[in-house]
Amino acid sequence: MKFDTPATTNPIDQMKVVGKPIPRIDGDLKVTGRAKYAYEWHDASTPYAYGYPVGASIARGRIRSMDIAAAEKAPGVLAVVTTLAVGERKKGKFNTAKLFGGDEVQHYHQAIAVVVAENFEQARAAAALVKVDYAEEKGAFDLKEAMKTAEKPADSQQPDTSVGDFDATFGSAAITLDEAYSTPDQSHAMMEPNASIAAWDGDNVTVWTSSQMIDWWRADLATTLDIDKEKIHLMSPFIGGGFGGKLFLRSDAVLAVLGAQAAKRPVKVALPRPFMINNTTHRPATIQRIRIGAERDGKITAIAHESWSGDQPGGQLEAAVAQTRLLYAGANRMTAMRLATLNLPEGNAMRAPGEAPGLMALEIAMDEMAEKLGLDPIEFRILNDTQVDPEKPERPFSHRNLIGCLKLGAETFGWSSRGKPGARREGNWLIGQGVAVAFRNNMMLPSGARVRLDRQGIATVETDMTDIGTGSYTIIAQTAAEMLGLPMDRVAVQLGDSRFPVSAGSGGQFGANSSTSGVYAACVKLREAVAAKLGFNSDDVVFENGEVRSGNRSVPLTEAVGDEGLVGEDTMTWGDLTQTHQQSTFGAHFVEVGVDVATGESRVRRMLAVCAAGRILNPITARSQVIGAMTMGVGGALSEELAVDTRRGFFVNHDLAGYEVAVHADIPHQDVIFMDETDPMSSPMKAKGVGELGLCGVSAAIANAIYNASGVRVRHYPLTLDKLIGNLPDVA
Amino acid sequence: MLNPTQLEISRRNLLITSAAAAAATSALPLSAAAQTSPTETKLISTVAFAVNGERRELNVDNRTTLLDALREHLHLTGTKKGCDHGQCGACTVMVDGRRINACLTLAVMHEGDEITTIEGLGQPGNLHPMQAAFVKHDGFQCGYCTPGQICSSVAVLEEIKANIPSHVTTNLTAPAAASAEEIRERMSGNICRCGAYSNIVDAITDVAGTRA
């Protein structure tokens, strides 16, 4: 099915199941420990062996030689596979740095060997015996230095845009802002480490892994191993978090497959936690410059956003200016991004790539500009709302209710009680409130599904879609239940298996809308098959209460499908509605913080998000995604920073003690409101993504609240106490 | 159950074998003590403990953590490995009624202990009240930290009931309360990167019978 005209009324609009707060259908498995994650697949008759990775201890250079004699002789060792022995390999389409193979070291902790042994302890001990002789080379590790030689990347990365005459307008604007901001390297830090089990059967291999994107992984694993994609069976039905860290093939899968080949045994490989941060990808740091010019009435006349980030050679921009191209009005505007070469580990997508760090800067700038203009920050944003793409005014937004989010949020949160910076104090706490806008585009990817309806009246959905905690199992079941007129307990969902139709996968907040649309398309096929079998006119067929009805004829589905059952399979593809209309999601984040006047410690006291993201398919799982994103935003604002050793070229704090994500004590009760809306331009589900929207703007709202509390403006994340303490008001 | 002092003693005594040392390590399981010979390295030990009420005897590599004994030997994979060095709490289990990080303790240290894992709390269709509350309040997303969060939650309420103070307890003479602040403090060793904290506190508070 191709979605190329706006949706009209369809069975989803009944909202008998879709849109209802239904608890997760995989909930019982997860709370009882029965959900099986990648490393946990177990067959009693299979003699699993254990692989332990060895990582490069230099950031850049070549491996002259590797001495594996001691490791090979260590107790229990079955095989040692080195990067030199396997030699150069083709790289997966989605990987920037190679995962394994050859003598070149591109970054610290790049995988250079895997030691396979009878048990985990033996493999780990033997891995420590591998000796490596490196020819180390100098590298670039400091973005501040490297930005001087940063270059404009290929047009395919859309580095520059320009409309009107920014320089002249900015130069003559009544009120102007010109400030620099920075965001640090961040790590996904999902709770389940990257992990795989590989088992060969002849020249076919099955890999249980932890992947957000089954088909991307399968294709890139085939490329890396130089084998036929059809010979790879990938399984990833439960994923312990991803946030972008499991979008692209990772070394654990490659090492498990090669280790299993060498040991002639199924092999399990999990990346040790302290290995993950430098071995895998991260969100690249940015340095940003924002200039805004406005007239005294608060209308923006000129806006410019520039950003510098770094990556491995051949890598990508962190597209931190993306939202600035679309979020606020202003006739004269420019954006530009430059890419520096860094020899740190590969930079790549982490939750809301581009917008997350971009809004961390832009939404502080908007707060500063409002203050310069003497306007309330909400009023300033409302004044500069736009209902069209400001770079291409002929493109309207499909639906945009940012103003509604801001107004409802202000009323709910008690925004009117906010005082001037540093004005409110309770004991040792300086109290402040902050607001920031959330914005993230709505993307769709093709997504397929197969739905079987058996004679017991049970529908089984099969798709290679993944559930990384987002609630895919549940919303897919809701979609099929709604389409087929079945209760939830008559729908089974099977995900994350490469034998199923290729789906959108999980990422870029495209998963929910795309994958349920694929299930919608498959259900339409199935409905047609049922109608055809019964000789019903498919136009007036109604599926309800386990029956199929046409005119005054009605037949139970159990009877209608016959002994063999019926199957519907289809893939949803997308027309040009995203080109003709700008499709985005919107929100407003409100935060209240306390800043300790003596220590500069910041604590988040209250949080509210108001989101406008089309139809909400399940308010429980959608809300959980948003509060989870708000929590990640607290970490991003206050503590998360990969510390770069600019001499040795690696992230120093490469574990969960050094890289500080938010914990229970950091997070207050959180509130989320979803605007009641649908977007018929987005899909037959009329839904959009929400999981990344929830992160966008949170950290800036916190930074703005800290400014309102303390009077100290910090433009460089994270807002640790050392950046506040020198400028706090007197303690007395 | 071992406490840190006993652990320190046992570490020292792994290096010496004498009558005095043997006396000092009398708290150690026999199988672990028997391996401490300066001339011979015995890598495998036998250890027996009860898991969820069932006696289990294992031959494990001496370096095997309780976590890997549960996951890799007993195939009780509900207990999760998130960091393998005590930073994330995903491996939280209860040993003799107290919560511990199963990754920070060796299996051979648990001779005779009573271990409770997530599998022992409840099963699908017969959930422990805390498991049911986590489902009701959606106290998780990906589910990977969840068994640890739930084991910790159950133990936290017991700790509060036993009047054990925490860092945020302001009045040591009054009974400890299952307030949101107490729960957050006591649960802070269990990281949830999906960020379900607000819902988890609601779930625990629900079970504790008080409001956040």
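Predicted, not measured: the structure shown is a model, and the values here were computed from it.

Draft legend 1. Fine view of the overall build of chain A. Scanning chain A for helices and strands turns up 18 helices and 30 strands. On C-alpha atoms alone, chain A measures out to a radius of gyration of 27 Å, which is about the 27 Å that the 2.2 N^0.38 rule sets for 732 residues. In terms of overall dimensions, chain A has C-alpha extents of about 80 × 75 × 50 Å along its principal axes. Scored against the burial criterion, the 732 residues of chain A give a buried share of 61%. Contacts in chain A between residues at least 24 apart in sequence constitute 82% of all its contacts with a sequence separation of at least 6.

Draft legend 2. Expanded view of helix α10 (residues 355-373) of chain A. Residues and elements named next belong to chain A. The end-to-end C-alpha distance of α10 is 25 Å, a good match for the 27 Å that 19 residues give at a rise of 1.5 Å each. Of all the 19 residues making up α10, 16 are buried; the element is thus mostly covered by neighbouring parts of the structure. In the segment just after α10, G374 is the residue with positive phi, at about 70°.

Draft legend 3. Spatial organisation of the interface of chain B and chain A. Chain B puts 50 residues into the contact, and the matching count from chain A is 50 residues. Those elements that provide at least two residues to the side of chain B that touches chain A are α4 (66-73), α5 (118-121), α6 (129-136), α7 (146-161), α8 (180-186) and α9 (197-208) of chain B. Of all the elements, α6(B) adds the most residues to the side of chain B that touches chain A, at four residues.

Draft legend 4. Structural view of the domain arrangement of chain B. Residues and elements named next belong to chain B. Each assigned domain of chain B is listed with its residue range as follows: domain 1 (4-36 + 43-121) and domain 2 (129-208). Listed as interface residues are 15 residues of domain 1 and, on the opposing side, 13 residues of domain 2. Among the secondary structure elements, those contributing two or more residues to the side of domain 1 that touches domain 2 are β3 (92-95), β4 (98-101) and α5. Top contributing element to the side of domain 1 that touches domain 2 by residue count: β3, with three residues. Considering only residue class, the side of domain 1 that touches domain 2 consists of seven nonpolar, five polar and three charged.

Draft legend 5. Highlighting the nonpolar core. Residues and elements named next belong to chain A. Counting 294 residues, the largest nonpolar core has V115, V116, A480, C611 and I702 as the members making the most contacts within it. The element that contributes the greatest number of residues to this core is α10, accounting for eleven residues. Excluding anything up to four places from it in sequence, V115 contacts G51, Y52, V54, A71, V77, V80, A123, A126, A127 and V130.

Draft legend 6. Seen up close, the sheet that holds strand β12 (residues 232-235) of chain A. Residue and element names in this part refer to chain A. In spatial order, the strands read β4-β6-β2-β13-β10-β11-β12; together these seven strands make up an open sheet with mixed pairing. Every interior strand has two partners, whereas the edge strands, β4 (77-82) and β12, have only one. Going across the sheet, the axis of each strand differs from the next one's by a mean of 20°, ignoring polarity. Bridge analysis of strand β2 (residues 49-55) against strand β6 (residues 111-117) gives six bridges, and the strand direction is antiparallel. If you follow Y50 over to β6, its bridge partner there is A117. Set on the sheet, helix α7 (residues 214-225) makes contact with β11 (204-209) and β12; between it and β12 the angle comes to about 145°.

Draft legend 7. Region of interest: the environment of V93(B). Along the polypeptide, V93(B) turns up in strand β3. Separated by 21 residues in sequence, V93(B) and E72(B) place their C-alpha atoms 16 Å apart.

Draft legend 8. Summary view of the domain arrangement of chain A. Residues and elements named next belong to chain A. Domain parsing of chain A yields domain 1 (2-35 + 444-577) and domain 2 (354-442 + 583-727). Measuring from the centre of the C-alpha atoms in domain 1 to the corresponding centre in domain 2 gives 35 Å. With 26 residues of domain 1 in contact, the opposing surface of domain 2 contributes 23 residues. Elements supplying a minimum of two residues to the side of domain 1 that touches domain 2: α13 (472-484) and α14 (511-534). A total of five residues in the side of domain 1 that touches domain 2 trace back to one element, the largest contributor, which is α14. Grouping the amino acids of the side of domain 1 that touches domain 2 by side-chain chemistry returns 14 nonpolar, eleven polar and one charged.

Draft legend 9. Region of the structure containing the pairing of strand β10 (residues 195-201) of chain A. Burial within β10(A) is extensive, with five of its seven residues counted as buried. Linking β10(A) to β11(A), which pair antiparallel, is a turn of two residues; within it G202(A) sits at a positive phi near 65°.

Draft legend 10. Spotlight on unusual backbone geometry. Residues and elements named next belong to chain A. The amide bond that connects Y717 to the next residue, P718, takes the cis arrangement and shows omega of -10°. Notably, F243 is not glycine yet its phi reads approximately 60°, a positive angle. Take F243: it is sitting in the loop between β12 and α8 (251-263).

Draft legend 11. Structural view of the sheet that holds strand β19 (residues 447-453) of chain A. Residue and element names in this part refer to chain A. Strand order in the open sheet made by the five strands is β1-β25-β19-β20-β21, with mixed pairing throughout. The open sheet has two edge strands with one neighbour each: β1 (2-3) and β21 (491-494). For β19 and strand β25 (residues 566-574), the ladder comprises seven bridges, and the chain directions are antiparallel. In the sheet register, V451 faces β25, and the bridge partner there is G568. Contacts from α14 reach β1, β19, β20 (459-462) and β25 within the one sheet, and its direction differs from that of β25 by about 140°.

Draft legend 12. Region of the structure containing α7(A). Residue and element names in this part refer to chain A. Between its terminal C-alpha atoms α7 stretches 16 Å, which fits the 16 Å expected from twelve residues at 1.5 Å a residue. Among the residues of α7, I214, W217, R218, D220, L221, T224 and L225 are the ones counted as buried. In this structure, the buried residues of α7 make contact with β11, β12 and α8. D226, located one to two residues past α7, shows a positive phi value of around 55°.

Draft legend 13. Examining the packing of α10(A) against helix α18 (residues 698-710) of chain A more closely. Residues and elements named next belong to chain A. It is the contact of α10 with α18, at a shortest axis distance of 8 Å, that shows an interaxial angle of 35°. As α10 packs across α18, the resulting crossing turns out to be right-handed. Contacts from L359, M360, E363, I364 and D367 of α10 reach α18 at S699, A700, A703, N704 and Y707. In terms of residue class, the contact of α10 with α18 is made up of six nonpolar, two polar and two charged.

What counts, and where the lines are drawn
Residues numbered from 1 in each chain as written. Chains lettered and ligands numbered in written order. Predicted model: local features only at pLDDT ≥ 70, side-chain atom pairs only at ≥ 80, totals over all residues. Helix = DSSP H or I, 4+ residues; strand = E, 2+ residues; numbered from the N terminus. Rg over C-alpha atoms; globule rule 2.2 N^0.38 Å. Buried ≥ 20, exposed ≤ 12 C-beta atoms within 10 Å, placed from the backbone. Contact = placed C-beta atoms within 7 Å. Expected span 1.5 Å × (residues − 1). Domains from an automatic or database assignment. Nonpolar A, V, L, I, M, F, W, Y, C, P; charged D, E, K, R; others polar. Core = buried A, V, L, I, M, F, W, Y, C linked by C-beta atoms within 7 Å. Pairing = 2+ DSSP bridges. Axes fitted to C-alpha atoms, helices over the stretch in contact; angles between N-to-C directions. Left-handed = near helix turned anticlockwise from the far one by under 90°.

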